[in-house]
Amino acid sequence: MRTLRFSLLAVLALAATLAALSQSPPETKPADACLACHSILEDEPSKQFVDDIHGTRGLTCAACHGGDPTVDDMAAGMNPAKGYIGIPKRAQIPQLCARCHSDAAFMRTYNPSLRTDQLQQYRTSAHGRRLAQGDTGVAVCTDCHSVHGIRPASNPLSSVHPLRLPETCATCHANPEHMKPYKIPTDQFADYRASVHFQTLEGGDLSAPTCATCHGNHGAAPPGVASVERVCGTCHVFQEQLFDRSPHKEPWAGLGFASCSTCHSNHRIERTRDVLVGTSPDAVCVRCHVEGDAGWTTAGNINSQLSRLDTSLQDATGVLDRAERAGMDVSEGRITLGNAHEKLIKARVDVHAFNAPEVQATVEGGLGLAGQAHQAGLDALAELAFRRKGLALSLIIIAWVVLSLWLLIRHLERPRQISRQ
Amino acid sequence: MRKLAARLYAWLDLRLNLDDLIAPLRHKTVPVHYFSFWYYLGGMTLFLFLVQIGTGILLLLYYRPSPGEAFESVQFIMTKVRFGWLIRGLHAWAANLLIFTAVLHMFSTFFLKAYRAPRELTWMSGCVSLFLFLCFGFSGYLLPWNELAFFATKVGTEMAAAVPLIGHWLLVFLRGGEEVTGATLTRFFGFHVAVLPGITLLFLAIHLGLIQRQGISVPPGMDRAMHGLAYLRKHDPEAARTWMEAAGSPEMREMRFFPNFFLRELMAWYVALGVLATLAAFDPWELGVKADAFAPTPAGIHPEWYFLAVFQSLKLLPAKLLWIEGEQFGLLVFSAAALAWLLVPFIDRNPEGRSGRILKVVGVAVVLYLTGMTVWGWLG
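Caption draft 1: Inspection of the overall build of chain B at higher detail. Scanning chain B from terminus to terminus reveals 16 helices and four strands. For chain B, buried positions account for 33% of its 380 residues. Put simply, of all contacts in chain B between residues at least 6 apart along the chain, 75% involve residues at least 24 apart.

Caption draft 2: Quick look at the overall build of chain A. Within chain A one finds 23 helices and zero strands. Taken across its 421 residues, chain A has 24% of its residues classed as buried. Of all intrachain contacts in chain A linking residues separated by at least 6 positions in sequence, the fraction that spans at least 24 positions is 57%.

Caption draft 3: Molecular detail of the confidence of the model for chain B. Considering every residue of chain B, the mean pLDDT works out to 89; 95% of them sit at 70 or more. Confidence estimates for the predicted assembly give a pTM of 0.68 and an ipTM of 0.80.

Caption draft 4: Representation of helix α9 (residues 182-214) of chain B within the structure. Residues and elements named next belong to chain B. In this model α9 runs 46 Å from its N-terminal to its C-terminal C-alpha over 33 residues, within 8% of the 48 Å that 1.5 Å per residue would give. At Phe 191, α9 shows its maximal kink, close to 40 degrees. Listed as buried for α9 are Thr 184, Leu 185, Arg 187, Phe 188, Phe 189, His 192, Val 193, Thr 200 and His 207.

Caption draft 5: Broad picture of the interface of chain A and chain B. Taken together, the contact pairs 22 residues of chain A with 25 residues of chain B. Listing elements by their share of the side of chain A that touches chain B, those giving two or more residues are α22 (331-350) and α23 (356-416) of chain A. The dominant element in the side of chain A that touches chain B, judged by the number of residues it contributes, is α23(A), at 14 residues. Broken down by class, the residue content of the side of chain A that touches chain B amounts to eleven nonpolar, five polar and six charged.

Caption draft 6: Geometry of the packing of helix α6 (residues 120-142) of chain B against helix α7 (residues 147-160) of chain B. Residues and elements named next belong to chain B. Look at α6 against α7: their axes get within 8 Å of each other, and the N-to-C directions meet at 135 degrees. Our classification of the angle between α6 and α7 gives oblique. Facing α6, whose interface residues are Phe 138, Tyr 141 and Leu 142, α7 presents Ala 149, Ala 152, Thr 153 and Gly 156. Looking at side-chain class alone, the contact of α6 with α7 contains five nonpolar, two polar and no charged residues.

Caption draft 7: Representation of unusual backbone geometry within the structure. All names here are of chain B. Residue Pro 118 is reached from Ala 117 by a cis peptide bond, and omega for that bond is 10 degrees. The omega angle of the peptide bond from Phe 258 to Pro 259 is 10 degrees, so this bond is cis rather than trans. Mapped onto the elements, Pro 259 comes out in helix α12 (residues 257-282).

Caption draft 8: Seen up close, the environment of Cys100(A). Residues and elements named next belong to chain A. Considering the arrangement of structural elements, one finds Cys 100 in helix α7 (residues 93-101). Taking the C-beta count within 10 Å as the criterion, Cys 100 has 15 such neighbours and is therefore assigned partly exposed. Remark: the alpha-carbon pair of Cys 100 and Cys 64, spanning 36 residues in sequence, is separated by 9.9 Å. Beyond its immediate stretch of four places on either side in the chain, Cys 100 contacts Phe 106 and Met 107.

Caption draft 9: Broad picture of the confidence of the model for chain A. Residues and elements named next belong to chain A. Scored by pLDDT, chain A has a mean of 87; 91% of the residues are at 70 or more. Per-element confidence in chain A is highest for α22, whose mean pLDDT is 96, and lowest for helix α1 (residues 2-22), whose mean pLDDT is 47. Every residue in residues 15-29 scores below 50 in pLDDT, and together they form one contact with partners more than four places removed in sequence or on other chains. Overall, residues 416-421 carries pLDDT values under 50, and its contacts beyond four positions in sequence, including any with other chains, amount to six contacts.

Caption draft 10: Molecular detail of the nonpolar core. Counting 75 residues, the largest nonpolar core has Leu48(B), Ala94(B), Leu98(B), Trp145(B) and Leu276(B) as its most contacted members. Looking at this core, the element that brings in the most residues is helix α5 (residues 84-111) of chain B, giving 14 residues. Setting aside its immediate chain neighbours within four residues, Leu98(B) contacts Thr45(B), Leu48(B), Phe49(B), Gln52(B) and Phe133(B). In this structure, Val277(A), Ala347(A), Val351(A) and Ala356(A) belong to the second largest nonpolar core, which totals 28 residues.

What counts and what doesn't
Each residue is numbered by its place in its chain's sequence as written, counting from 1. Following the order in which they are written, the chains are lettered starting with A and the ligands numbered starting with 1. Note on the predicted model: pLDDT of at least 70 is required for a residue's local features to be given, and 80 or more for side-chain atom pairs to be given and counted; whole-chain, interface and lining totals, by contrast, use all residues. Secondary structure elements follow DSSP: runs of H or I no shorter than four residues count as helices, runs of E no shorter than two count as strands, and numbering proceeds from the N terminus. Counting other C-beta atoms within 10 Å of its own, a residue is labelled buried from 20 upward, exposed at 12 or fewer, and partly exposed in the gap between, with every C-beta atom placed from the backbone. A pair of residues counts as a contact when their C-beta atoms, built from backbone coordinates, are separated by no more than 7 Å. For every residue, the pLDDT score states the predictor's confidence, bounded by 0 at the bottom and 100 at the top. Expected helix span is given by 1.5 Å per residue-to-residue step, counting one fewer step than there are residues. A residue's bend is given by the angle between axes fitted to the 7 residues ending at it and the 7 residues starting at it. In this classification, the charged set is Asp, Glu, Lys and Arg, the nonpolar set is Ala, Val, Leu, Ile, Met, Phe, Trp, Tyr, Cys and Pro, and all remaining amino acids, among them Gly, are polar. An axis is simply a line fitted to the C-alpha atoms; with a helix, the fit covers only the stretch in contact. Between two such axes, the angle follows the N-to-C directions and lies from 0 to 180 degrees. Throughout this description, any angle smaller than 35 degrees is read as roughly parallel, any larger than 145 degrees as roughly antiparallel, any in the 65 to 115 degree range as roughly perpendicular, and the remainder as oblique. For the purposes of this analysis, a nonpolar core is taken to be any set of buried Ala, Val, Leu, Ile, Met, Phe, Trp, Tyr and Cys residues that are connected through C-beta atoms within 7 Å.

Written as structure tokens, this is what we have:
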């Protein structure tokens, strides 16, 4: 009886399950009907949006364009009554992006570390100010970040990744046609590509300055004459401090010279060489100073100090290299040489105070260390010579012993050679 | 002076019975024939082993086996200790020459069929000693704690993990944990200066003792001729003399071990010492840069030359072979080959017959294979 009851219950449960399964599934609404249709069309926006940071985080086309992405019907989905705005006008774009990006609470749900002051900064920028005046030729968010294929700045494929940012800025700033109304030169990108900053960036150092490092990103504006030193000083801290107390500081401010860029230029910043300071035709000092004035003497003095230390370092390096090539361990000498080289770097930084005794003090310290490194190399070479002499002597002794043994064997075997005969 | 020496000997002889000890040496002879020069390789290997013991003990005075101090202590030996560079140079170069001469010695005894009865145990103890020398090389390589040694040890011990069933246990045993760390260094140091020397001395004692007991082997043909001559001498001395006069064969000659052979051996040792000193002075063993466990593995990492043939062979194997991993397959094959090599005296039942001829061909193939793979690994 018990078995029969159990069997009936099992049959009923099976029937109920089959009935439930046979019912048609509820109609599921598409997550993003806009993308579904545009993907079929294979248009660029839909292709790009697949990898877009917004697309990958679950935002739909409607987040920017408005409308209803949940309906299949195109007219219903793109109904202005449902907030559809079509392609946003350029002037609207900063405000449109800021609806989310200026909302700290909203942005925190996606990326708590992301700043939310981009719109405020943009409004202070040369771009933002002109846009406010009705100039829609200036850069808006999408010009730099792209439109449907936006990626985080840390992504190497992003148009604002450090390696790609200069090219992005150059899209407009290297375009003479585009820049004509603004009367802005278009050689910045070419100059930047010839600079030490670009070489460093190209060498893989992503911390090297790009356009945004000096000009700002969302608040991009050319630094004024007074702020150039502060901009460079963000990275070149000691140079800025030394320049602040240099004899050039006050007169240059009065003449309207932009501190650092007066000698180093702005975009085409070359790798510094000792020859830039001094009295040779290649030196920047001779642009203002003439033979006989105090600045001329100081420049010449500083250059000769740097040359002394540089020459001394090269000598020490040569001796250590020679010893190392011969197989000697000169690691300690190398450490001392490294310390001496640091002194040279410091002396080159000290140049920015334009105070010859200060440079000399550093150079003297470096010369002492370079001398120690040089001596370490000479000691190693002397040790090498000692080893070779010792080896030669040892080999002579060994040869003599071998010869003696051979003679002894001959002597022993002449009368005693054993044979079974 | 001679009188004093004789008195001293007499004094010692009374207490130690030296005459009995020296008697075997007095009667010991070395066969003289066309291949006699191969006999010097064994003594040369022994000499290099003695150099290793001497220089190793001197290095121990300054070496400190910890990750924080090992590299610095070797650097100190190389730069600050008087003649430290020479001691380390001799130790490093002698280690390599030792393995080289031991390998040559092994192949020479193989091709001269010196492993045949009754010298099976001599062959086996020699093979084990060579294996122990390789262990010395592997454990000593890590001790300077430089980058190359660190990663080579990592790769080498990873290979141990491929051994079926006990692989992981073996890896942990060798490393003293899951990774190559300070525990591995201390462990390798212990193996290198205590465990391996103890075991090696035991096997060398067996090896040398057996040679002393059985005398030095001669190639099969000559052996037979000498036995025949001995028989003839015993039963028909006149015929023996006639035969010797007719044959005039130099293969029949022997020389006394002491002093004739010993003095020649001594000459060879001195030459080896000169070669070692030249190598140590002109090509000091590099120390490289200190090991950094967090640094990426340097490109082109490869083991010492004596492991290159195995390393290169394993590299060439596909990831999967039959039903097991390629590396496991390779190690199994090499282990089986090593075991077969050890048991050669029992495999070669007829050294002068068919099996002997086959083994000679196999031996040539092994030499060509190991040389080829080593050169390939070196160039690659």
